[in-house]
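# Inside the fold
Residues per chain, in single letters:
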Amino acid sequence: MSKFLTERLSGLTPYTPGEQPKDMQYIKLNTNESPFPPSESVSVAVLNECRKLQLYSDPEVTRAREKIAQIYNVKPSQVIVTNGSDEVLNFAFMAFADEKNPLVFPDITYGFYPVFAELNHIPFTEIPLVSDFTINPHDYIGINKTVVIANPNAPTGIALSLGDIESIVKSNPNNVVIIDEAYVDFGAQSAASLVDTYDNLLVIQTFSKSRSMAGARLGFGLGNEKLISDLNTIRYSTNPYNVNRMTEAAGVAALQDNSYYMNNCKTIIENREWTVHELENLGFEVLPSKANFVFAKSDKIDGKTLYLELKKRGILIRHFTKEKICQFNRITIGTIEQMQKLIETISEILQEN
Ligand code: PMP
């Protein structure tokens, strides 16, 4: 730390992204990326757009907003497009939470929530998950705080029903409820259909997972026009050109190829069910996932040991050190060949153990 960092920020613990090692070619099952490349028309769109890089990008991100609005059956004025969904999460925390509207989220969830809260000096409460790692929706009913829930939750993969989400939104009319749907396309129900009914609901999604564009950085929020307008005030006060030309073009092309991506989601779901079955056969406890990852532990091997042993053999999975979940590992679902290799390698490790 330099002597110049302000006192205000000196205690900030930044988010730790999943490792991206360059020492060798790993089977990467640690950051929930898609194993499938973007569709061909995305590459063509990016190539065409990069010929215009001397010009600023569209600050209104009009083409992407219109296309997203069409797919999710809302008006373009109900859509904000951002540099990954992390950016819209940060904007939403800045806009809708403070000392008077503190934040609440589960104690086991996406690790960026406490970081954004601390960065923006927002007090927060973490509500413990139930012992089976589910979220109890009743804990959030009428809580009178700004709520953020990942649905499905991460890293557990467990989803709440749309009915439970609606009850939480309905019972907190004086606070914004942020539903982070980064993984919703892998089997959970989206709350996007409720944004016209509830003026306090903000639904956040990303192109990083189901749409194979983690490296392009594209996310979006859906909500009441007034909520979106508040978020735009923050966007125009930080970085009006937050979505670059190539990323917007890639996003629009991806949405035109929706069936390609939804088909890939189907394959990932099939591969997930296969992997769960195989892990259970090896004695693992696997939480019921509606995401493109599974969260699993075994009595036969310590969580960290399994992570390290797999890494030595060229397979990366994600291990978390938090006490409550340190026996688990989060495993991204890849191609069937990758999952077969994973299961084979875990069997070998268990035998050697
Ligand atoms: N929400 C959740 C629950 C996530 O796991 C992630 C991915 N790390 C994000 C949001 C952010 O994704 P991105 O910024 O790539 O859209």
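Being a predicted model, the structure only gives us computed values, none of them experimental.

## Quick look at the overall build of the protein chain
For the protein chain, the count of helices and strands is 11 helices and 13 strands. For 353 residues, the compact-globule formula gives about 20 Å, and the C-alpha radius of gyration of the protein chain, at 20 Å, lands near that figure. Across the 353 residues of the protein chain, 52% fall into the buried class. Approximately 16,100 Å² of the protein chain is accessible, and the part contributed by carbon and sulfur atoms is 51%. Both charge centroids of the protein chain, one from 33 positive and one from 42 negative side chains, sit 4 Å from each other.

## Comments concerning the site of the ligand
Taken together, the residues surrounding the ligand are Gly-84, Ser-85, Asp-86, Tyr-110, Asp-180, Ala-182, Tyr-183, Thr-206, Ser-208, Lys-209 and Arg-217. In this structure, Ser-85 approaches the ligand through a main-chain N or O atom, which is 2.7 Å from an oxygen atom. Look at the ligand: alone it shows 410 Å² of surface, and the protein chains cover 91% of it. Looking at the shell around the ligand, the element that brings in the most residues is helix H4 (residues 84-96), giving 3 residues. Grouping the constituent residues of the shell around the ligand by class yields 3 nonpolar, 4 polar and 4 charged.

## Focus: the pairing of strand E5 (residues 146-150)
With 5 of 5 residues buried, E5 lies mostly within the body of the structure. Burial along E5 is two-sided: the residues Thr-146, Val-148 and Ala-150 and Val-147 and Ile-149 are all buried. The pairing of E5 with strand E6 (residues 177-180) spans 4 bridges and is classified as parallel. Paired with Ile-149 across the strands is Ile-179, a residue of E6. Remark: the E5/helix H6 (residues 162-170)/E6 crossover connection has right-handed handedness.

Conventions used here
Residues numbered from 1 in each chain as written. Predicted model: local features only at pLDDT ≥ 70, side-chain atom pairs only at ≥ 80, totals over all residues. Heavy atoms only, no water. Helix = DSSP H or I, 4+ residues; strand = E, 2+ residues; numbered from the N terminus. Rg over C-alpha atoms; globule rule 2.2 N^0.38 Å. Buried < 20%, exposed > 50% of the residue type's maximum accessible area, 1.4 Å probe, protein only. Areas by Shrake-Rupley, 256 points an atom, 1.4 Å probe, with all protein chains shown as cover. Lys, Arg positive; Asp, Glu negative; His and termini not counted. Charge placed at Lys NZ, Arg CZ, Asp CG, Glu CD. Near = heavy atom within 4 Å. Polar contact = N/O pair within 3.5 Å; in protein donor to acceptor, adjacent residues only side chain to side chain. Nonpolar A, V, L, I, M, F, W, Y, C, P; charged D, E, K, R; others polar. Pairing = 2+ DSSP bridges. Right-handed = clockwise from strand over helix to strand, strands pointing away.

Don't take any of this as a statement about function, it's just geometry.
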